[in-house]
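So you can see what is in the structure, the chains are spelled out below.
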Amino acid sequence: MTISVGLVGAGPWAEMVHAPTLAAGPHTRLAGVWARRPEAAARLGAPVFERIEELFDVCEAVVFSVPPAVQAELGILAAKAGKALLLEKPLAADLDGARRLADAVGEAGVASQMCLTWRYAAATRAFLARVSAIEPFGGYAANISGALLGGHFATPWRLERGAILDVGPHMIDMLDAALGAVTGVRAHGNPTGWVGLLLEHETGAVSEASLCMSAPGPTPPSRVEVYGRLGSESVDGDALGSDGFPTMVAEFAATVRRGGGHPLDAAHGLRLQEIIAAAEAQLG
């Protein structure tokens with residue numbers, strides 16, 4: 001069964017990835033778009049709605065591609081309208097917004113899923129399967145780019161909050177998946193420059209993450225490395241391929257059809273936001 005999906009947002013990421021993937025099927029049908037700029041929404045090849053409530057009327061599920069603070073507010077509206085939610089990372093701009101959205105999802109009993117795109121790639125899943133066999137005790141992740149220096153993703157919220165809020169969820173989530181739930185974080189650096197994180201995991205493992213989106217010139221691919229008593233494993237961004245987003249959409253459609261939850265749901269997004277909030281508090 002194909003699910004009808006409404007898209008909220010019409011920025012570059014929505015135009016490049018969300019809209020074409022949702023429209024291509026076979027698991028989803030793009031029923032319409034709502035955005036603050038109707039002229040941008042019109043470029044996405046689907047019916048454009050002036051009011052977000054009108055979009056809710058024609059879809060079973062809502063996919064978000066908007067800034068974190070906007071997602072927190074509109075996601076609550078969608079949950080109260082009984083719609084399943086495919087949510088971008090981070091869940092919200094701050095911990096209060098993330099809690100309110102996660103609470104709304106829980107109270108409404110609707111399905112939710114996070115766009116943690118690394119986790120849906122076949123290369124990542126193979127990496128995590130290998131990691132489980134090496135008795136891991138530590139790891140390292142790095143996500144270094146010059147995205148804040150210009151281009152589509154030098155957006156106001158990224159320029160203000162930096163790498164920890166944007167790419168931090170990906171790297172923290174990967175280390176969390178590989179080494180066990182994160183139970184503590186120590187942070188140093190500059191959110192709009194270089195941030196270093198030391199993570200403690202419930203398994204006793206420890207890991208480090210380096211995050212930066214203001215490095216000029218060529219930068220290496222993002223990378224996650226894990227070390228254990230029986231060897232080491234790694235995966236980098238160049239190995240992820242293009243399968244992650246379609247897989248994510250297929251799993252979201254399956255979650256909506258059967259009801260119930262998904263491991264990467266809004267509650268998981270809230271847990272990542274709690275770690276980021278603790279790190280940001282230390283950075284000042």
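Each remark here, short or long, concerns the structure printed above.
Note that the structure is a prediction, hence the values are computed from the model and not measured. Sequence positions are assigned chain by chain, starting from 1 and proceeding in written order. Totals for whole chains, interfaces and linings use every residue, but because this is a predicted model, local features are given only for residues with pLDDT of at least 70 and side-chain atom pairs only at 80 or more, for both listing and counting. Excluding hydrogens and water, the side-chain figures rest on all heavy atoms present in the structure.

### What to know about empty space enclosed by the protein
The rolling of a water-molecule-sized probe over the atoms marks out the regions of remaining empty space.
Then step 1. Lining residues are defined by having an atom within 4 Å of a point belonging to a cavity or pocket. Those points lie on a 1 Å grid over the protein atoms alone, cavities being sets where a 1.4 Å probe fits but cannot get out and pockets being open sets with protein on both sides within 12 Å along at least five of seven lines. Grid points are joined across faces, edges and corners, and a volume is the space filled by probe spheres set on the points. Scanning all chains against the criterion turns up one cavity of 30 Å³ or more.
Then step 2. Roughly 40 Å³ of internal volume is contained in the largest cavity.
Then step 3. Taken together, Lys-89, Pro-90, Leu-91, Met-114, Leu-116, Pro-169, Gly-269, Leu-272, Gln-273 and Ile-276 form the lining of the largest cavity.
Then step 4. Helix and strand definitions follow DSSP, with helices as H or I runs of at least four residues and strands as E runs of at least two, each counted in order from the N terminus. No other element matches the four residues that helix H11 (residues 266-283) contributes to the lining of the largest cavity.
Then step 5. By residue class, the composition of the lining of the largest cavity is seven nonpolar, two polar and one charged. Put simply, Ala, Val, Leu, Ile, Met, Phe, Trp, Tyr, Cys and Pro go in the nonpolar bin, Asp, Glu, Lys and Arg in the charged bin, and everything else, Gly too, in the polar bin.

### With respect to the packing of helix H1 (residues 12-24) against helix H10 (residues 244-258)
Then step 1. To obtain each axis, a line is fitted to C-alpha atoms, and for helices this fit is confined to the stretch in contact; angles are then taken between N-to-C directions over 0 to 180 degrees. Relative orientation of the contacting elements H1 and H10 amounts to 50°, with a least axis distance of 10 Å. In terms of their interaxial angle, H1 and H10 are classed as oblique. Crossing geometry of H1 relative to H10 is assigned as right-handed. Touching Trp-13, Val-17, His-18, Thr-21 and Leu-22 of H1 are Phe-245, Pro-246 and Val-249, all from H10.
Then step 2. Across the contact of H1 with H10, the residue classes break down as six nonpolar, two polar and no charged. Throughout, the term roughly parallel applies to angles under 35 degrees, roughly antiparallel to angles over 145, roughly perpendicular to angles from 65 to 115, and oblique to all others. Crossing handedness: left-handed means the near helix sits turned counterclockwise from the far one by under a right angle, and right-handed means the same turn made clockwise. The contact definition used throughout considers only heavy atoms, calling two residues in contact when any of these lie within 4.5 Å.

### Quick notes on the pattern of salt bridges
Then step 1. In what follows, salt bridge is the name for a side-chain nitrogen of Lys or Arg lying within 4 Å of a carboxyl oxygen of Asp or Glu. Overall, the coordinates contain 14 salt bridges when judged by the stated rule.
Then step 2. Put simply, Glu-73, Asp-96 and Arg-100 are held in one network by salt bridges that share partners.

Any functional reading would require information beyond the geometric quantities listed.
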